[in-house]
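Single-letter residue listing:
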Amino acid sequence: AKNAQEAHEAIRPTDLFRTPQDVAAYLDRDQLGLYELIWKRTVASQMESAVLDQVTVDIASGDKTVQLRATGSVVKFSIIEVLQRRNYVRIDRKRFIP
């Protein structure tokens, strides 16, 4: 496991300015799909973190013998979602297809 971190960091584009569109002519369909995935994830890893809205609700019974807590979060902004949706068609507010 010592080299696990190093191994996955080695999988990245040699030049971020070689976009998937730039190398498409030199790759078959599977290679292009893999390159596009790696390129998008690499670019996204260098960008701002996601912004989340978090809400916590505490509910207690009248005599306080039962207490419940519900926590939820909603992604307000995620650059990786922006990159993934770039070439997708919107189905509805939250769903996209290639």
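Our subject is the structure that appears above.
Criteria and thresholds
Residues numbered from 1 in each chain as written. Predicted model: local features only at pLDDT ≥ 70, side-chain atom pairs only at ≥ 80, totals over all residues. Heavy atoms only, no water. Helix = DSSP H or I, 4+ residues; strand = E, 2+ residues; numbered from the N terminus. Buried < 20%, exposed > 50% of the residue type's maximum accessible area, 1.4 Å probe, protein only. Expected span 1.5 Å × (residues − 1). Polar contact = N/O pair within 3.5 Å; in protein donor to acceptor, adjacent residues only side chain to side chain. Salt bridge = Lys/Arg side-chain N within 4 Å of Asp/Glu carboxyl O.

J.: Tell me about unusual backbone geometry, residues and numbers included.
T.: Positive phi is not limited to glycine here, since K64 has a value of about 65 degrees. For K64, the location among the structural elements is in the loop between β1 (51–60) and β2 (67–77). Residue class for K64 comes out exposed when judged on its relative accessible area of 56%.

J.: Can you break down helix α3 (residues 29–45) residue by residue, with the values?
T.: The terminal C-alpha atoms of α3 lie 24 Å apart, and with 17 residues this matches the ideal 24 Å at 1.5 Å per residue to within 8%. Every buried residue of α3 is listed here: Y35, W39, K40, T42, V43 and A44. Measuring from the side-chain oxygen of the N-cap residue of α3 to the backbone nitrogen of D30 gives 3.1 Å; that N-cap residue is D28.

J.: Before we move on, can you summarise the pattern of salt bridges with the specific residues and values?
T.: Overall, the coordinates contain two salt bridges when judged by the stated rule. K40 is the partner of E36 in a salt bridge, and the nearest nitrogen-oxygen pair spans 3.3 Å. Here E36 and its partner K40 are both found in helix α3, four residues apart, which amounts to about one turn of the helix. Residue class for E36 comes out partly exposed when judged on its relative accessible area of 24%.

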